[in-house]
Amino acid sequence: MSTKKQIIRTTQQALEADFGIAMSLDKINAVVRSYSNVMANELSNGDEVRIDGVGLLSPRLFKATTARNLKTGAPVAVPATHRVRFRAVPSLKKAVKQLPVVEAA
C-alpha cells in the first residue's frame, strides 16, 4: 500500500526524471490536496469525475433497506445513502489481472 507521502515523493521523482521539472514536496502536496478537493466538490454536486488512464468516479444512491441484527435477529432500518462508485478503465483492469496470484499460507 502506498501512503500519500510516498505518492508525493514518487511524483516528485517522476516529474524530475520525465520532464526535468523540479518541484518541492510542499508544492506537490498542495497540488494533490487541491485535486482531491476539486474531485470531492464535483462528486458532492452530483457530477462524475473521469480520470484518464484510471477510471470514473460517480455518486450513486443506495436505497433504504432493512437488515438484520446478527446477534438478535431483529430487523434494523438502513437509511438511503449516497456512495462513490469507481469504474476502472480496461487498461487498469488488465494490469491488475496480470498480478501474480499468491496463495495464503
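Everything below is about the structure printed above this text.
Throughout this document, residue positions are counted from 1 along each chain, in the order its sequence is written. Per-residue local features are limited, in this predicted model, to residues with pLDDT of at least 70; the limit for side-chain atom pairs, both in listing and counting, is 80 or more; totals at the level of whole chains, interfaces and linings are taken over all residues. Side-chain metrics in this entry use all non-hydrogen atoms of the structure; hydrogen atoms and water are not considered.

1. Let's talk about the packing of aromatic side chains
(1) Moving on: Each Phe, Tyr or Trp ring (for Trp, its six-membered ring) is paired with any other whose centre lies within 6.5 Å, and the angle between the two planes then decides the class: stacked below 30 degrees, edge-to-face above 60, tilted in between. This structure, assessed with the given rule, holds zero aromatic pairs.
(2) Moving on: Sitting over the face of the ring of phenylalanine 62, arginine 60 holds its NZ or CZ atom 4.9 Å from the ring centroid.
(3) Moving on: A positively charged side chain is recorded as over a ring if its NZ (Lys) or CZ (Arg) lies within 6 Å of the ring centre. The angle to the ring normal must also be within 35 degrees. In this arrangement the basic side chain of arginine 83 is found over the ring face of phenylalanine 62, its NZ or CZ atom lying 4.3 Å from the centre.

2. Section: the nonpolar core
(1) Moving on: Core analysis: the largest hydrophobic core is formed by five residues, namely Met39, Leu43, Val49, Ile51 and Leu57.
(2) Moving on: Of all the secondary structure elements, the ones that give two or more residues to this core are helix 2 (25-44) and strand 1 (49-51).
(3) Moving on: Here, residues are in contact when the closest pair of their heavy atoms is within 4.5 Å. Those residues in contact with valine 49 that sit more than four places away from it in its chain are Met39, Glu42, Leu43, Gly55, Leu56 and Leu57. Joining through side-chain atoms within 4.5 Å is the link that ties buried Ala, Val, Leu, Ile, Met, Phe, Trp, Tyr and Cys residues into a set, and such a set is a nonpolar core. With a 1.4 Å probe rolled over the protein chains alone, any residue whose accessible area is under 20% of its type maximum counts as buried; one over 50% counts as exposed, and the rest are partly exposed. The way it works is that DSSP assigns letters per residue, a run of H or I at least four long becomes a helix, a run of E at least two long becomes a strand, and they are numbered from the N terminus.

3. Examining the sheet that holds strand 2 (residues 55-62)
What links the strands of a sheet is backbone hydrogen bonding, and the strands pair in either a parallel or an antiparallel sense.
(1) Moving on: One requirement defines pairing of two strands: DSSP has to find at least two bridges between them. Pairing is antiparallel across the open sheet formed by three strands, whose spatial order is 1-2-5. A strand with exactly one partner marks an edge of an open sheet, and here the two such strands are strand 1 and strand 5 (81-88). Here the average twist between neighbouring strands, direction ignored, is 25°.
(2) Moving on: As paired strands, strand 2 and strand 5 are joined by eight bridges and run antiparallel to one another. If you follow serine 58 over to strand 5, its bridge partner there is arginine 85.
(3) Moving on: Angles shown run from 0 to 180 degrees and are taken between the N-to-C directions of axes, each axis being a line fitted to C-alpha atoms and, for helices, limited to the stretch in contact. Along the sheet face, helix 2 touches strand 1, strand 2 and strand 5 and points at about 140° away from the line of strand 1.

The analysis is restricted to geometry; functional conclusions fall outside its scope.
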